[in-house]
Amino acid sequence: MYLSKEYKADIFAEFAGAADNTGSAEGQVALFTKRIAHLTEHLKKNRKDFNTQRSLQMLVGKRRSLLAYLYKKDINRYRAIIKALGLRDIIK
């Protein structure tokens, strides 16, 4: 699988503060972003894969809701994560 345990631990260590802090919103947003990038590359090659397209849309929705939660909970954490991942500020 493209997301091994070690790779996930590295993502959570970088964005969530610790490798075992898998419940943090920042770590989950970073993991969703990596998965979204992978699925986007897959869909560029396989444009008729509608199941993957639906999965991608669901992941984008989950990431958006987590970002909205962070925006309401702590705006500084929200701004830090979108800057670190290079995302646009979608919450208005």
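One can find the structure itself at the top, above this paragraph.
Please read all numbers here as calculations on a predicted model, not as lab measurements. (Residues numbered from 1 in each chain as written. Predicted model: local features only at pLDDT ≥ 70, side-chain atom pairs only at ≥ 80, totals over all residues. Heavy atoms only, no water.)

Chemist: Provide a residue-level description of the packing of aromatic side chains, including the pertinent values.
Modeler: The full count for this structure, using the stated rule, is one aromatic pair. Ring geometry for Tyr 71 and Tyr 78: centres 5.2 Å apart, planes at 85°, overall edge-to-face. Tyr 71 gets classed as partly exposed once you look at its relative accessible area, which sits at 30%. (Phe/Tyr/Trp six-rings, centres within 6.5 Å; stacked < 30°, edge-to-face > 60°. Buried < 20%, exposed > 50% of the residue type's maximum accessible area, 1.4 Å probe, protein only.)

Chemist: Could you give an account of the pattern of salt bridges, naming the residues involved and the relevant values?
Modeler: Across all of its chains, the model carries two salt bridges by this definition. Residue Arg 77 pairs with Glu 26 through a salt bridge whose shortest N-O separation is 2.5 Å. Separated by 51 residues along the polypeptide, Arg 77 in helix α4 (residues 75–85) and Glu 26 in helix α2 (residues 25–45) bring together distant segments of the chain. The exposure class assigned to Glu 26 is buried, which follows from its relative accessible area of 12%. Among the ionic pairs, Lys 44 bridges to Glu 41, the shortest N-O distance being 3.3 Å. Of the two residues, Lys 44 and Glu 41 both sit in helix α2, three residues apart, roughly one turn of that helix. The class for Glu 41 is partly exposed, based on a relative accessible area of 42%. (Salt bridge = Lys/Arg side-chain N within 4 Å of Asp/Glu carboxyl O. Helix = DSSP H or I, 4+ residues; strand = E, 2+ residues; numbered from the N terminus.)

Everything listed here is a matter of geometry and, on its own, says nothing about what the molecule does.
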